[in-house]
Amino acid sequence: MAGFSFGDLSRYPDIEAGNLFAVDAADRLILDEAADEVVASGNNAVVIIGDRYGALTLGAADLLDDEDSLRVHQDSITGELALANNAAVLAPDAGFTQYALGRELLTGARVVLLQLPRSLEALDQIADAVARWAADDVVLFAGGLTKHMTPAMNEVLRKYFGTVRAGLGRQKARVITAREVQRPGTEPEPTARQFHQDLGLWVCSAPGTFAGTKVDIGTRFLLGFLPRLETSSGAAVDLGCGTGIIAARLAALYPELQVSATDQSAAAVESAAATAAANGLAGHVNAVRDDAMGSFPDASVDLVVCNPPFHAGAAVHAGAALKLFGAAARVLRPGGELLVVYNSHLDYRSRLRSTVGPTQQLGRNRKFTVTRSIRR
Ligand SMILES: C[S@@+](CC[C@H](N)C(=O)[O-])C[C@H]1O[C@@H](n2cnc3c(N)ncnc32)[C@H](O)[C@@H]1O
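Residues numbered from 1 in each chain as written. Predicted model: local features only at pLDDT ≥ 70, side-chain atom pairs only at ≥ 80, totals over all residues. Heavy atoms only, no water.

(A) Examining the sheet that holds strand S12 (residues 285–289) more closely. Strand order in the open sheet formed by seven strands is S12-S11-S10-S13-S16-S18-S17, and the pairing between neighbours is mixed. Each edge of the open sheet is held by one strand with a lone partner, namely S12 and strand S17 (359–364). Strand-to-strand twist of the sheet, defined as the mean angle between neighbouring strand axes without regard to direction, takes the value 20°. Examined bridge by bridge, strand S11 (residues 257–263) and S12 share five bridges and lie parallel to one another. When the sheet's bridge partners are listed, threonine 262 is paired in S12 with valine 288. Against the sheet, helix H8 (residues 245–253) touches strand S10 (234–239), S11, S12 and strand S13 (301–306), its axis set at about 180° to S11. (Pairing = 2+ DSSP bridges. Helix = DSSP H or I, 4+ residues; strand = E, 2+ residues; numbered from the N terminus. Axes fitted to C-alpha atoms, helices over the stretch in contact; angles between N-to-C directions. Contact = heavy atoms within 4.5 Å.)

Put into structure tokens, the structure is as follows:
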């Protein structure tokens, strides 16, 4: 493949800004450290996990022949769309296929390139899958920015590999190389669960999902306002659903609502479906992996409830929340209702007013504000 350049990669459809990038030093270091093994492994033996916007996949494809194929797993559909978009524009000959994390992704893999996840549980799940399904001689190159890496990551990898070696840092990135795979025993449960007595609610969480099986304090504050909604029937969306606590509560409170729980993360969508099922609401909550409700038609929804993200990847950035407010404005019908909880210092109220419509404060405590906007 000729002419691929990291500098041309775009984050689209993820938010873009001067201080947000589509490639980082970890992508470059992983590819440099793994290059010889990628070339030696060749067709269908290289797997990419956790690629952000396509740097790892298109960088690895650049090392291989045009007819060679790569297998890829990305938790985020936003990243999946960005990779597809970058490939179409920059590397139309790159051959890669997306898979869920599991047997099909990893069987026969001899090299795995991994952008380290933030959560140790997510790393454990990935390392287990690699150790369970990949070839006997698999080598895992797991990289990240040093500021996000901890010694505990080495310990997780040592559960599954006989040799775990952290390489030298370069431009604030580092790669851990793991070899001599040790096959794990029984497959782990896909989701953990916890019953919250005070809420009468089971919360299920796949590794890496926001707040795990706990209930975030902002979410908890928001739940208190759900019994007083104007909308009690029609279509409702828990936007950025995480473990699907809001969706489950909406479905339990309002039997006439058709509730969708939607998130960009595969782990979140799996969790939300499991949370609904654990609370006897499986038929009542539809879990959808989607980037900012991209698959929902305009003006098709009566109610959106959202506890928005305050970061984009690892960077604190309001753009991620503003993107969801814009999406809510698009999918809500005129007169439809948007409930949002946010850290009070963020002062999203004027943005909600300009993006969605008239916005009133429903409540405020020491830390959080809950607002209701009516789609104009
Ligand atoms: C603060 S968490 C809230 C999770 C859950 N609603 C709760 O209250 O526990 C924000 C969620 O938004 C999701 N998210 C961020 N950007 C998104 C996007 N563009 N489309 C869909 N979901 C997104 C994240 O994956 C994360 O699960």
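(B) View of empty space enclosed by the protein. In the structure shown here, the tally under the stated rule is one cavity of 30 Å³ or more. For the largest cavity, the calculated volume is near 40 Å³. Lining the largest cavity are Ala61, Leu64, Asp65, Asp66, Asp68, Leu70, Asp93, Ala94 and Gly95. (1 Å grid on protein atoms, 1.4 Å probe; cavity = no way out; pocket = protein on both sides within 12 Å on 5 of 7 lines; lining within 4 Å. Points joined across faces, edges and corners; volume = space filled by probe spheres on them.)

(C) Broad picture of the domain arrangement of the protein chain. Partitioning the protein chain into structural domains gives domain 1 (6–181) and domain 2 (192–374). For domain 1 and domain 2, the distance between their C-alpha centres works out to 30 Å. At the interface, 20 residues of domain 1 touch 16 residues of domain 2. Buried area between domain 1 and domain 2, both sides added, is near 1,300 Å², and the carbon and sulfur share of it is 56%. Three residues stand out in domain 1 for area buried against domain 2, namely Ile15, Asp75 and Ile77, and they jointly supply 40% of the buried area on that side. Between arginine 289 and glutamate 80 there is a salt bridge, with its nearest N and O atoms 2.7 Å apart. Seen at the junction of domain 1 and domain 2, the total is ten residue pairs in polar contact (both at pLDDT 80 or more). (Domains from an automatic or database assignment. Buried area = accessible area lost by both parts, 1.4 Å probe. Salt bridge = Lys/Arg side-chain N within 4 Å of Asp/Glu carboxyl O. Polar contact = N/O pair within 3.5 Å; in protein donor to acceptor, adjacent residues only side chain to side chain.)

(D) Quick peek at the packing of aromatic side chains. Within the structure shown, the criterion is met by four aromatic pairs. Taken together, the aromatic side chains of Phe325, Tyr342 and Tyr348 make up a single cluster linked through ring pairs. In this structure, arginine 193 is placed above the aromatic ring of tryptophan 202, and the distance from its NZ or CZ to the ring centre is 4.8 Å. (Phe/Tyr/Trp six-rings, centres within 6.5 Å; stacked < 30°, edge-to-face > 60°. Lys NZ or Arg CZ within 6 Å of the ring centre and 35° of its normal.)

(E) Representation of unusual backbone geometry. Backbone torsion omega between tyrosine 12 and proline 13 reads 10°, so that peptide bond is classified as cis. Position of proline 13 among the secondary structure elements: in the segment before helix H1 (25–41).

(F) The arrangement of the packing of helix H5 (residues 120–133) against helix H6 (residues 151–158) in detail. Packing of H5 against H6 brings their axes to within 9 Å, and their N-to-C directions diverge by 25°. Overall, the two elements H5 and H6 adopt an arrangement that is roughly parallel. For the element pair H5 and H6, the recorded crossing hand is right-handed. Contact residues: H5 offers Leu120, Leu123, Asp124 and Ala127, while H6 offers Ala152, Met153, Val156 and Leu157. Looking at the contact of H5 with H6 residue by residue, the class counts come to seven nonpolar, no polar and one charged. (Parallel < 35°, antiparallel > 145°, perpendicular 65-115°, else oblique. Left-handed = near helix turned anticlockwise from the far one by under 90°. Nonpolar A, V, L, I, M, F, W, Y, C, P; charged D, E, K, R; others polar.)

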